[in-house]
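# Examining the three-dimensional arrangement
Single-letter residue listing:
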Amino acid sequence: MITGNLKASYAADERVLDNRWKQGFVLACAAGIAALAGFGNDYVILIACQMGIMLIAVTGVNVVIGYTGLMSLGHAAFVAIGAYAVVIFHNAAAGTIPAPLLTLLALPFAVTVAALIGIVVGLPSLRVKGLYLAVATLSANFIVIFLIEQDAFARWTGGMNGINTPTANLLGWDLDSRREQFLLIAALGFVSLLAAQNLFRTRVGRAFIAIRDRDYSAEILGISLYRYKLMSFAISAAYCGLAGALYAYFYARILPEQFGLDLSLMLVAAIIVGGMGRTMGAVFGVIVIVMVPEVIKVIFGGIAGGGAELAQIRAPVQSIAFGALIVLFLLFEPFGLTQIADRALRALNRWPFARG
Amino acid sequence: MGQFLQFALNGLMSGAIYALIAVGLVSVFKATRVVNFAHGYLIMFGAYFYFTFAVLVPQAAWAPEWLQSWRPDWMVEMRADLPMFSPLAAVLDWMANLPRILLGLAGALICNALLGMLIERTLMRPLMGQSVFAMIMLTVGLISILSGTAQLIWTSDAAFVPALAPNTPIRFEMFGATIFLFGADLANMLIALAIFAGIVAMVRYTRSGVAIRATAEDQSTAYSMGISVPRVFSRAWVLASTTGAVAGAILATRNGVSPALGLFGFSVLAIVLMGGLDSYLGVFIAAMAVGVLEALTQWQLGGEWAGIVPYVAVLIVILIRPHGLLGSKEIERI
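Figured I'd write up the structure that's included with this text. All values derive from a computational prediction rather than experimental measurement. For every chain, the first residue of the written sequence is number 1, and numbering continues from 1 onward in sequence order. Chain labels run from A onward and ligand labels from 1 onward, assigned in the order the entries are written. Only residues with pLDDT of 70 or above have their local features reported here, since the model is predicted, and side-chain atom pairs are shown and tallied only from 80 upward, although totals for entire chains, interfaces and linings are computed over all residues. As a rule here, side-chain values come from all non-hydrogen atoms in the structure, and water together with hydrogens is ignored.

Put simply, DSSP H or I for four residues or longer makes a helix, DSSP E for two residues or longer makes a strand, and each gets a number counted from the N terminus. The helix and strand inventory of chain B stands at 14 helices and two strands. Within these notes, the globule rule equals 2.2 Å times the number of residues to the 0.38 power, and the radius of gyration is based on C-alpha atoms. Taken over C-alpha atoms, the radius of gyration comes to 21 Å for chain B, in line with the 20 Å a tight globule of 334 residues would show. Across its three principal directions, the C-alpha atoms of chain B cover 75 × 55 × 40 Å. Here chain B has roughly 14800 Å² of accessible surface; of this, 66% comes from carbon and sulfur atoms. Two residue types count as positive, namely Lys and Arg, and two as negative, namely Asp and Glu; His and chain ends fall outside the count. To locate a charge, take NZ of a lysine, CZ of an arginine, CG of an aspartate or CD of a glutamate. Between the averaged position of the 17 positive side-chain charges in chain B and that of its 16 negative side-chain charges there is a distance of 13 Å. Computed by Shrake-Rupley with a 1.4 Å probe, the accessible areas treat only the displayed protein chains as cover when residues are assessed.

On a plain count of helices and strands, chain A comes out with 15 helices and four strands. The principal-axis extent of the C-alpha atoms belonging to chain A is close to 65 × 55 × 40 Å. Within chain A, the proportion of its 356 residues that are buried is 48%. Should any heavy atoms of two residues lie within 4.5 Å, those residues are counted as being in contact. Restricting the contact set of chain A to residue pairs at least 6 apart, pairs at least 24 apart contribute 76%. For chain A, the accessible area works out to roughly 16700 Å², and carbon and sulfur atoms hold 66% of it. Categorising residues by exposure relies on relative accessible area from a 1.4 Å probe, with only protein chains included: less than 20% of the type maximum marks a residue as buried, more than 50% marks it as exposed, and the intermediate range marks it as partly exposed.

In this section: unusual backbone geometry. All names here are of chain B. Its identity as a non-glycine residue notwithstanding, Arg33 has a phi of 65 degrees, on the positive side. Here Arg33 shows up in the loop between α1 (2–32) and α2 (39–59). Here Arg33 falls in the partly exposed class, since its relative accessible area comes to 36%.

On to empty space enclosed by the protein, then. All names here are of chain A. In the cavity and pocket records, a cavity denotes points on a 1 Å grid over the protein atoms alone where a 1.4 Å probe fits but cannot get out, a pocket denotes an open set with protein on both sides within 12 Å along at least 5 of 7 lines, and lining residues are residues with an atom within 4 Å of a point. Grid points are joined across faces, edges and corners, and a volume is the space filled by probe spheres set on the points. Using the criterion set out here, one finds one cavity of 30 Å³ or more in the structure. Here the largest cavity defines a volume of roughly 30 Å³. Taken together, Thr59, Asn62, Tyr67, Ala196, Gln197, Phe200 and Thr279 make up the lining of the largest cavity. By residue number, the principal contributor to the lining of the largest cavity is helix α3 (residues 42–67), which donates three residues. Residues are grouped as follows: nonpolar covers Ala, Val, Leu, Ile, Met, Phe, Trp, Tyr, Cys and Pro; charged covers Asp, Glu, Lys and Arg; every other residue, Gly included, is treated as polar. Here the lining of the largest cavity is composed, by residue class, of three nonpolar, four polar and no charged.

The next point concerns the side chain of B:Asn188. Residue and element names in this part refer to chain B. When you line up the elements, Asn188 lands in helix α7 (residues 183–205). Judged by its relative accessible area of 2%, Asn188 falls in the buried class. If we skip the residues at most four places from it in the chain, Asn188 touches Leu164, Ile250, Thr253 and Arg254.

All names here are of chain B. What makes two strands pair is DSSP finding at least two bridges between them. When strand β1 (residues 169–174) meets strand β2 (residues 177–182), the two strands line up antiparallel, connected through six bridges. Paired with Met174 across the bridge in β2 is Ala177. Connecting β1 to the antiparallel partner β2 that follows it, the hairpin turn spans two residues, and Phe175 within it adopts a positive phi of roughly 50 degrees.

Okay, the interface of chain A and chain B next. In this assembly, 39 residues from chain A lie in contact with 44 residues from chain B. When chain A packs against chain B, the two sides together hide about 3800 Å² of surface, and 81% of this comes from carbon and sulfur. Nitrogen and oxygen atoms within 3.5 Å of one another constitute a polar contact, given that in protein one can donate a hydrogen and the other can accept it, and given that sequence-neighbouring residues count only through two side-chain atoms. On inspection of chain A and its partner chain B, the count reaches two residue pairs in polar contact (both at pLDDT 80 or more). Taken together, the elements giving at least two residues each to the side of chain A that touches chain B come down to α6 (131–149), α10 (215–220), α12 (261–274) and α14 (308–332) of chain A. As used here, buried area is the combined drop in accessible area, with a 1.4 Å probe, of two parts when they are placed together.

Turning next to the pattern of salt bridges. Residue and element names in this part refer to chain A. A carboxyl oxygen of Asp or Glu within 4 Å of a side-chain nitrogen of Lys or Arg is what we treat as a salt bridge. The final tally for this structure, using the stated rule, is seven salt bridges over all chains. Note that Glu294 is salt-bridged to Lys297, the shortest N-O span being 3.7 Å. Of the two residues, Glu294 and Lys297 are both situated in helix α13 (residues 279–304); the distance of three residues between them amounts to about one turn of the helix. With a relative accessible area of 9%, Glu294 lands in the buried category. For Lys297, a relative accessible area of 39% puts it in the partly exposed group.

On to the packing of aromatic side chains, then. Each pair of aromatic rings taken from Phe, Tyr and Trp, with Trp reduced to its six-membered ring, is defined by centres within 6.5 Å and is described as stacked if the planes are under 30 degrees apart, edge-to-face if over 60, and tilted in the remaining cases. For the coordinates displayed, the defined rule picks out 21 aromatic pairs over all chains. Aromatic pair A:Phe142 and B:Phe266: ring centres 6.0 Å apart, planes at 50 degrees, arrangement tilted. Placement of A:Phe142 in helix α6 and of B:Phe266 in helix α11 (residues 261–275) is noted, with the two residues assigned to different chains. Between the aromatic rings of A:Phe146 and B:Trp305, the centroid separation amounts to 5.0 Å while the plane-to-plane angle is 80 degrees, which identifies the pairing as edge-to-face. Highlighted residues: A:Phe146 in helix α6 and B:Trp305 in helix α13 (residues 303–306), drawn from two different chains. On the accessibility criterion, A:Phe146 (9% relative accessible area) is buried. Among the residues examined, B:Trp305 registers a relative accessible area of 29% and is labelled partly exposed.

So, on to the environment of A:Thr165. Residues and elements named next belong to chain A. Here Thr165 shows up in the loop between β1 (163–164) and β2 (169–170). Looking at Thr165, the relative accessible area reads 15%, which means it is buried. When the C-alpha positions of Thr165 and His90 are compared, they lie 8.7 Å apart, and in sequence the two are 75 residues distant. Sequence-distant contacts of Thr165, that is, excluding residues within four places in its chain, are made with Val87, Ala248, Tyr251, Ala252, Arg253 and Ile254. In terms of polar contacts, Thr165 uses its side chain to reach the backbone carbonyl oxygen of Ala248, at 2.9 Å. In this structure the side chain of Thr165 is engaged in a polar contact, spanning 2.4 Å, whose partner is the backbone oxygen of Tyr251.

Let us look at a nonpolar patch on the surface. Like-charged residues within 9 Å of one another, or nonpolar side chains (Val, Leu, Ile, Met, Phe, Trp, Tyr) within 5 Å, are grouped into patches, provided each residue has over 30% relative accessible area and no salt bridge. A cluster of nonpolar side chains, contributed by A:Ile287, A:Met291, A:Val295, A:Ile299 and A:Ile303, occupies part of the molecular surface with about 430 Å² of accessible area. Mapped onto the elements of the fold, A:Met291 is located in helix α13.

Quick look at the structure:
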């Protein structure tokens, strides 16, 4: 039981995981993921891969919405840019760079491109905020998808019909099965989460939080809004770009419409359900958001054995479920599942002396 | 020049419909400080209600025959000896549809008003006084709920809906060029402009309009002056959803009924921000400008480019004037 802040040195206070429970939790998670990669069946691995990709993207959204307080409804655009950057890089560099190195170079390339475009999309955040920024990012999302769909770029992007994606190859190791891809996704997801947790221990992360809490006060304290708002957009776009790159490696084909408004809303829904401004919020949110369609599938299968008519109803029911999740969490639990988890842990901690 | 005028006129006609949709967004914002991201989906519901009452209900087995197609004897006689494309024949064809058009409009208005009231009561009111973020995100969640519900209820494919006005072709000379318009489009524009003007006049001169403006100015003062602020809220939502119903009916006759109508709301959102959230005049200018720009883009670059015109325009305007063309600047205190 933790009864207080009992740190004896600054080094102990500055650690990313500042107590034994957190360290134990992270190690247990790592062990759990390793076990999953070894023993999970194909279906579990598939779901876990989807969760891993979404987790990286939602962590990025969390940086900009949850920590910096800038409302963005256009993060699917960065996922799209990451995905297309990987494909274009592979196609362009296929002859010149040896295949074993391609993936190792394509991932940083995708992340960099997404971050640069993130800075461009973040430019309106210097002038406007709140609602105006939400619409500006939404517009950016529409424009990016529109440009990808254009015939003029179809030679590189495949236009409306989408484009086939390459398989990842790490130094000669072809990641052509779901299980192998899971290892890559899980490793990168794990590192991204720890990096996010670390970010908010540093000067940059704390500047973000100051901007969220009151941007003018932050500026008076000497935080350059110009610099840190753009940096926040760049970091979150980089996360989304990484997610997009993994998305491209994971699926055999990508289509521009997969990165539209629906994906943006899904990312935001995940962070609202999970809890904004908390590292674990992204984790909880992603688990819920990825499981909802699966649960609906199981329920529908249980009711009618999955007839063709029911399959038609499934998509609308799923979208109603997403909307209802956002609305219900905003109305009844605005801080999301992390808040519920906190409450439960606190009750456990104080038991049997006090509740709640 | 002739083509330019033709496309500019087409642009003005769609700009008027943008203005009609925008008036709902502005009214809700003025009264409640909420920007409704799901407004496009309210419009989609309006279109589907119009489709239900103007097409599905008259087709039902229990509906009387005159509802489907009203043809009294005198009309049949008059129709019989008219040539193929005469304007009078188009008017008579329209009159045969008149009962179901009226039923459709009435049904769309009533159902959409109820829907708007329901949303305001159950979702928006509990969040009054909360952060802007929560309210915007709530309407974002509403997008998913509304589009899913519409797909559940109306599974049938998009079908033909009767136009609101006789669809006679109109041809006239202007600056030495021949302009070609459809009667229904012109009537749609007039309806949209009339409703826009009516609402602006209402907000300016009537008691409930003054109540809306007072609430916009200062909620608690309005309360203490005896204005029922919750009633103002629900009135604004009804206003938005009924104008949305008319706009939905018009859009349904132009583009057909489909879930894609919801996306229309986002371009109008862009227009509203461009004009300035709380200025009817600014929004009107922005709507007309975007309508014309869209039509000209369609002429010069092709139809698909027209779709992103509002978004590019709003980005440019926001970067230069963060509060839109004529919007009032928010004053923030630390």
